[in-house]
Amino acid sequence: MGQSFKRKVFYIPGYDPIHPRRYRELYRAEAAAQAAISGYDIHLSAKTGPGGYGWLVDSEIDGRSTRAEFEVMLWSDLVRASMRSGILATYGQMVRTAYIYIASGALWRLMQLRKGPVIAALYPVVMLIGQAAVAVALAYAAGAALSLWHPGLFWLGFMVIPWVLMGFRRYDNRLFAYYLMHDYAYSAAARGANPSELEARLAQFATRVVAALRSDVDEVLLVGHSSGAHLAISLLADIERSGAHQTGGPALSFLSLGQVVPMVSFLPNAHRLRRDLRHMSGQRQMTWVDVTAPGDGCTFALCDPVAVTGVAPPDQKWPLVLSAAFSQTLSAEKWRALKRRFFRLHFQFICAFDRPADYDCFQITAGPLTLGARYKDRAPSPGKVTRAVSKYRQTCP
């Protein structure tokens with residue numbers, strides 16, 4: 001048996017306030033399920049020593065052993081801070097965010113790509129308006145009941161409005177209206193520009209990736225999921241422009257999963273992201289594979305994020321756009337069970353598949369091939385969308 005393949009994996013989650021142990025436990029359970037289906041061995045163990053939160057994975061795949069060290073790039077504290085808005089402030093965010101997307105023309109252009117993620121973006125608006133309508137209706141009913149005793153008591157009924165709204169918010173872990181509203185508002189607050197605290201966090205992330213590039217691993221793999229994908233794009237573009245990634249060191253690879261890049265890149269002030277998209281699409285030192293699925297209504301499935309933003313250079317090489325094809329790679333029973341569980345489907349990219357094709361998250365992150373070697377001769381999936389749709393294509397303010 002040859003020498004063990006070594007990999008450092010950095011995972012950037014989407015807009016998620018939850019502790020990263022959920023990702024470790026999800027990886028543990030789903031890796032075991034995929035190993036049983038595909039016939040390989042994979043085991044997790046605790047990570048020791050310096051660095052961020054993570055875990056170790058040892059595998060035996062195709063007769064070769066691999067050790068992968070995972071690290072979650074945390075920005076959940078920034079997410080939690082952005083979610084502290086009160087009820088009235090959240091309604092203010094709703095009005096402002098809706099105005100930005102509608103007045104800029106971004107909403108209409110996003111609808112020309114995929115309606116699923118646009119519907120997901122409109123969901124919190126509809127839910128919050130609906131909750132307010134229910135609160136007012138109940139207040140009116142309470143006022144009408146009180147006025148039976150005395151007409152002057154009618155307006156006292158409207159005191160129930162804040163209680164009703166607080167009740168809805170208490171159950172937002174099931175409704176997700178406030179959560180999604182804060183998500184979209186965070187990206188749109190500066191019309192597509194990154195908040196200063198997020199830029200500072202990206203600089204910290206870059207330091208850790210550069211350190212990994214100077215280690216003795218065979219591959220440094222960045223995995224960006226959901227809104228974590230566009231953060232990874234900017235992070236990697238900064239590293240590439242700095243010259244920290246040099247030939248002769250570990251392979252540097254990027255896997256974007258369930259990306260929602262156009263939700264940000266189509267906004268007027270997203271100059272930095274558009275510049276980074278253009279840079280990343282033309283570089284030759286790094287492999288970038290973008291995996292989505294039409295069955296995931298929260299992602300811009302098969303949309304080349306560079307091309308649809310209108311910033312593709314003439315020599316565009318990346319990303320390689322692939323479909324995880326849920327309807328084909330999941331069993332009929334599992335597909336029926338999941339296809340209406342929108343949030344669960346958005347995480348299917350890091351879960352087990354009943355009939356895996358050439359996309360297997362666990363072979364990519366814990367197998368003995370670099371991302372570039374695995375997809376060396378792979379053509380893009382049919383249905384790839386490359387039509388430039390964004391109104392805003394400037395890469396400088």
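Before reading further, recall that the structure is shown in the block above.
Okay, so let's go over this structure. Everything numeric in this text was worked out from a predicted model, so none of it was measured.

Rules behind the numbers
- Residues numbered from 1 in each chain as written.
- Predicted model: local features only at pLDDT ≥ 70, side-chain atom pairs only at ≥ 80, totals over all residues.
- Heavy atoms only, no water.
- Helix = DSSP H or I, 4+ residues; strand = E, 2+ residues; numbered from the N terminus.
- Rg over C-alpha atoms; globule rule 2.2 N^0.38 Å.
- Buried < 20%, exposed > 50% of the residue type's maximum accessible area, 1.4 Å probe, protein only.
- Contact = heavy atoms within 4.5 Å.
- Lys, Arg positive; Asp, Glu negative; His and termini not counted.
- Charge placed at Lys NZ, Arg CZ, Asp CG, Glu CD.
- Salt bridge = Lys/Arg side-chain N within 4 Å of Asp/Glu carboxyl O.
- Pairing = 2+ DSSP bridges.

**Re the overall build of the protein**
When you go through the protein residue by residue, the secondary structure sums to 18 helices and eight strands. Against the compact-globule benchmark of 21 Å for 397 residues, the protein has a radius of gyration of 23 Å, which places it among compact chains. Considered along the principal axes of its C-alpha atoms, the protein spans approximately 90 × 45 × 40 Å. Out of the 397 residues belonging to the protein, those deemed buried represent 53%. Restricting to contacts in the protein with at least 6 residues of sequence separation, those with at least 24 account for 76%. Charge separation in the protein, taken as the distance between the mean sites of 44 positive and 29 negative side-chain charges, equals 8 Å.

**What about the pattern of salt bridges?**
In total, this model carries 19 salt bridges according to the counting rule given. Among the salt bridges present, the one from Lys47 reaches Glu71, with a minimum N-O distance of 3.7 Å. You can see Lys47 sitting in the loop between β2 (41-46) and β3 (54-61) and its partner Glu71 sitting in strand β4 (residues 64-72), a full 24 residues away along the chain. Judged on exposure class, the residue Lys47 and its partner Glu71 are both buried.

**What to know about the environment of Met83**
Checked against the element boundaries, Met83 lands in the loop between α2 (76-82) and α3 (87-103). Between the C-alpha atom of Met83 and that of Leu26, which follows or precedes it by 57 residues, the distance is 24 Å. Met83 has contacts with Tyr15, Pro17, Arg169, Tyr179 and His182, leaving out every residue within four places of it along the chain.

**So, the pairing of β4**
One face of the sheet, then the other: side chains in a regular strand alternate in exactly this way. Relative to β4, strand β1 (residues 5-12) is paired through seven bridges, and the arrangement is parallel. Bridging from a neighbouring strand, Phe10 pairs with Glu71 of β4. Two elements, β3 and β4, share eight bridges in a ladder whose sense is antiparallel. Note that in β4 the partner of Glu60 across the bridge is Ser65. In textbook terms, the turn of a hairpin is the stretch between consecutive antiparallel strands, and for β3 and β4 this stretch comprises two residues, one of which, Asp62, has a positive phi near 55°.

Structural measurements only, silent on function.
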